[in-house]
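Take a look at the letters that make up each chain.
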Amino acid sequence: MDQGKSRIFGLGPGLKAAVLANASSGLRRRTAEAVDAAAEALARHGIYPRVFLARRGRLGEALTACRLEEPDLLIVVGGDGTILSAAEAFLGSRTVLAIVPGGTVNQLARDLGLSLDPVAAVDQLAAGTIRRIDVGTVNGRAFLCTAVVGPLAKLQRYREEARGRLWATFGSFFVTGLKAVTLRPATLKIHHGAEAWVEETRGVIVSVNPLAETVSRVPLRERLDGGTLAVYAARERGYFSLFRMAAAILAGRARTHPHVGYHEAGELQIDARRRSLIVLNDGEVRRLATPLRLAVQAGALRVVAPAESSDAPPLAAGVVPDPA
């Protein structure tokens, strides 16, 4: 028998699988279709997964029940927040995560080169391979893509209030734009070893590995296994400082832009003149005590990624195969 054909989601036959879906993420019909597609793909190999459906506000309970199953493979259908919660729950375990985009941003799915159509993504992952990717932490809490620090993090609540309501989503863009202009800058002191500098800023974005220096309407990372954190600070230049940083990132010029403070480090510390700061870990709002201690755990998470091919997205090539 062809060894490649005997594998499913990068694993061999006889694996123990589970599917976790967040009914609150994205469109429920598409979520259900993705769950069915994943179950059917596994069933063709004689594997019948346990399915855990998290209702609104019950994701933690679903993850606890899922973790008790100790699956070899966990297929997660949901947005960035759902994926982050699953990653936190299974970090350090033998479980491999297969990420099926079901939210509004789907940043990690984009970085992995996955289709944003959930059913198409399942097909890619079923024929995929296992990779190891880096995980960031801030005060011990994980983030897979970005942590946002400072006044910019306050803007998230407007997006949360609008989630799932089309009219409110359009209104939130307008309100968020106004708030971005009127946010007051904060003084943040950033430490990296013996080096320290102060940024007067309306927002700092810390990315697990640098963003690609290419023009894109959605910022993507160069690679997912570089073992470094990339810091982007909007240097205070008036009301439109955040817009200037956003434009520089989308244009692929943020590392050298005069209005953006850029730095790379394996670990760093951010302090402020207050006891706590709001931080967005992959869009999830958290209030954490200062100083903020950020670090990267190299290759800490095993995920399924599309198999490499001649037409694979460039970012897929930057994800290292799991030697196991």
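First, a word on scope: everything that follows refers to the structure included in this document.

What counts and how
- Sequence order as written defines the numbering, with residues in each chain counted from 1.
- Two thresholds apply to this predicted model, a pLDDT of at least 70 for residue-level local features and 80 or more for giving and counting side-chain atom pairs, whereas whole-chain, interface and lining totals are computed over all residues.
- Only heavy atoms go into the side-chain values, all of them from the structure, while hydrogens and water stay out.
- Think of it this way: any DSSP run of H or I at least four residues long counts as a helix, any run of E at least two long counts as a strand, and we number them from the N terminus.
- Three labels apply to residues, based on accessible area from a 1.4 Å probe with only protein chains included: buried if under 20% of the type maximum, exposed if over 50%, partly exposed otherwise in between.
- Any pair of residues with heavy atoms lying within 4.5 Å of one another is described as a contacting pair.
- Per-residue accessibility takes into account occlusion by the displayed protein chains alone, with areas from the Shrake-Rupley method and a 1.4 Å probe.
- Arc, as used here, means the arc of the directions from the helix axis to the C-beta atoms.
- By convention in these notes, a salt bridge is any Lys or Arg side-chain nitrogen within 4 Å of a carboxyl oxygen on Asp or Glu.

**Observations concerning the overall build of the protein chain**
Along the protein chain, the regular secondary structure elements total eight helices and 16 strands. Counting only residues that meet the buried cut, the protein chain has 50% of its 324 residues in that class. Put simply, 72% of the contacts in the protein chain that link residues at least 6 apart link residues at least 24 apart. Put simply, the protein chain shows about 15200 Å² of open surface, and 54% of that area lies on carbon and sulfur atoms.

**Digging into helix 5 (residues 118–126)**
If you check which residues of helix 5 are buried, you get Pro118, Ala121, Val122, Leu125 and Ala126. Around the axis of helix 5, the buried residues are gathered within 135 degrees of arc, so they sit on the same side. The inward-facing, buried residues of helix 5 contact helix 1 (28–43), strand 4 (96–101) and strand 15 (292–305).

**Description of the pattern of salt bridges**
Side chains carrying opposite charge are able to pair once their charged atoms draw close together. The final tally for this structure, using the stated rule, is twelve salt bridges. The salt bridge partner of Arg30 is Asp117, with a shortest N-O separation of 3.7 Å. Here Arg30 is found in helix 1, whereas its partner Asp117 is found in the loop between helix 4 (107–111) and helix 5, with 87 residues between them in sequence. Using a relative accessible area of 28% as the deciding quantity, one classes Arg30 as partly exposed. A relative accessible area of 35% means that Asp117 is categorised as partly exposed. Here Arg50 and Glu69 are joined by a salt bridge, their closest N and O atoms 2.9 Å apart.

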